[in-house]
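Each chain, written out:
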Amino acid sequence: LTVHYTLSVDSGLSLASANGALTEALKSRAVKSTQQGGATGFWQQTRSQRLILALEMSSGGEAGQRLFRVLRPTLHTSTKPQYIRHKDLRARYRPVTGEDEISRAWQGEYAESEKGRTQEKHLLCGAVLPIWNALTTTLAGAASKAGKQLLVRRAEVNGRPIIGVSLSKEAVA
């Protein structure tokens, strides 16, 4: 049995996931939240008013040299990490502690970026070996080199892991 899945992949970070990452970071005894006088937590950029979540990665050394990982509503934790030094965080951002303000700003930016964040992906799963020759022939006609490669991907559908061959939109049509 061969099954074609069309998946909507979201490259953003929901507020619930951001709160989960914050809770996980605060399990370390060395890390303090902005509400406890530390610097790990939600911050708002003074120029653009955009919200970020700053998670302390190194607590040793000088206060200004501490390193924080930056998470944004438009940037999932699985993407290439972005970092900021403590002194730059304090210079460019202000701490935000009000839950309503955090929720409104994070969810607003998350909703605003939805169109650019979500992508449609196609996976062909199950018994793909019997149709392997047809797949390679179909993909050989694709315009781009990236479309010609058979990439195996893993995803979760309704909590169940699936593994399949990733297909471009053009190859499916």
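Residues numbered from 1 in each chain as written. Predicted model: local features only at pLDDT ≥ 70, side-chain atom pairs only at ≥ 80, totals over all residues. Heavy atoms only, no water.

Engineer: Can you walk me through the nonpolar core in this structure?
Structural biologist: Most often, soluble globular proteins keep nonpolar side chains buried together rather than apart. With 14 residues, the main nonpolar core has Phe42, Leu53, Leu55 and Trp106 as its most contacted residues. Breaking this core down by element, the ones donating at least two residues are α1 (15-25), β3 (51-58) and α3 (99-112). Here this core takes five residues from α1, the largest share from any one element. Apart from residues lying up to four places away in sequence, Leu55 is in contact with Ala21, Leu22, Ala25, Thr40, Leu67, Phe68, Arg69 and Leu71. (Core = buried A, V, L, I, M, F, W, Y, C linked by side-chain atoms within 4.5 Å. Buried < 20%, exposed > 50% of the residue type's maximum accessible area, 1.4 Å probe, protein only. Helix = DSSP H or I, 4+ residues; strand = E, 2+ residues; numbered from the N terminus. Contact = heavy atoms within 4.5 Å.)

Engineer: I'm lost on the environment of Ala127 in this one. Help?
Structural biologist: Here Ala127 shows up in the loop between β7 (118-126) and α5 (132-140). Classification of Ala127 by relative accessible area gives partly exposed; the value is 30%. For the pair Ala127 and Gly38, spaced 89 residues apart in the sequence, the C-alpha separation amounts to 53 Å. In contact with Ala127, other than residues within four places in its own chain, are Leu1 and Thr2.

Engineer: In this structure, what is going on with the pairing of strand β9 (residues 160-167)? I would like to understand it.
Structural biologist: Both faces of the sheet carry side chains from a regular strand, because those side chains alternate between them. Judged from the four bridges that link them, β7 and β9 form a sheet pairing that is antiparallel. The partner of Cys125 across the bridge, within β9, is Gly164. Here strand β8 (residues 151-157) runs beside β9; their pairing, made up of seven bridges, is antiparallel. If you follow Val152 over to β9, its bridge partner there is Val165. Linking β8 to β9, which pair antiparallel, is a turn of two residues; within it Asn158 sits at a positive phi near 55°. (Pairing = 2+ DSSP bridges.)

Engineer: Would you take a moment to explain the packing of aromatic side chains for this structure?
Structural biologist: To describe a pair of aromatic rings, you give the distance between the ring centres and the angle between the ring planes. Following the criterion strictly, the structure yields one aromatic pair and no others. When the ring centre of Tyr110 is taken as origin, the NZ or CZ atom of Arg117, which lies over that ring, is 3.7 Å away. (Phe/Tyr/Trp six-rings, centres within 6.5 Å; stacked < 30°, edge-to-face > 60°. Lys NZ or Arg CZ within 6 Å of the ring centre and 35° of its normal.)

Engineer: What should I look at first to understand the sheet that holds β9 in this one?
Structural biologist: Sheet strands pair via backbone hydrogen bonds, and the direction of the pair is either parallel or antiparallel. Strand order across the open sheet formed by four strands is β1-β7-β9-β8, with antiparallel pairing between neighbours. Each having just a single partner strand, β1 (2-10) and β8 make up the two edges of the open sheet. When strand polarity is set aside, the average angle formed by the axes of neighbouring strands in this sheet is 45°. (Axes fitted to C-alpha atoms, helices over the stretch in contact; angles between N-to-C directions.)

Engineer: Which parts of the structure should I look at to understand the pattern of salt bridges?
Structural biologist: Pairing of side chains with opposite charge becomes possible as their charged atoms draw close. Under the defined criterion, the tally for this structure stands at seven salt bridges. A salt bridge links Asp10 to Arg117, with the nearest nitrogen and oxygen atoms 2.7 Å apart. Taken as a pair, Asp10 in strand β1 and Arg117 in helix α4 (residues 114-117) lie far apart in primary sequence, 107 residues in all. A relative accessible area of 28% means that Asp10 is categorised as partly exposed. Given a relative accessible area of 4%, Arg117 falls into the buried group. For Glu156, the salt bridge identified is with Arg154, shortest N-O distance 3.7 Å. Judged by relative accessible area, which is 52%, Glu156 ranks as exposed. Assessed through its relative accessible area of 54%, Arg154 is described here as exposed. Each of Arg50, Glu109 and Glu112 takes part in salt bridges that share partners, so that together they form one network. (Salt bridge = Lys/Arg side-chain N within 4 Å of Asp/Glu carboxyl O.)

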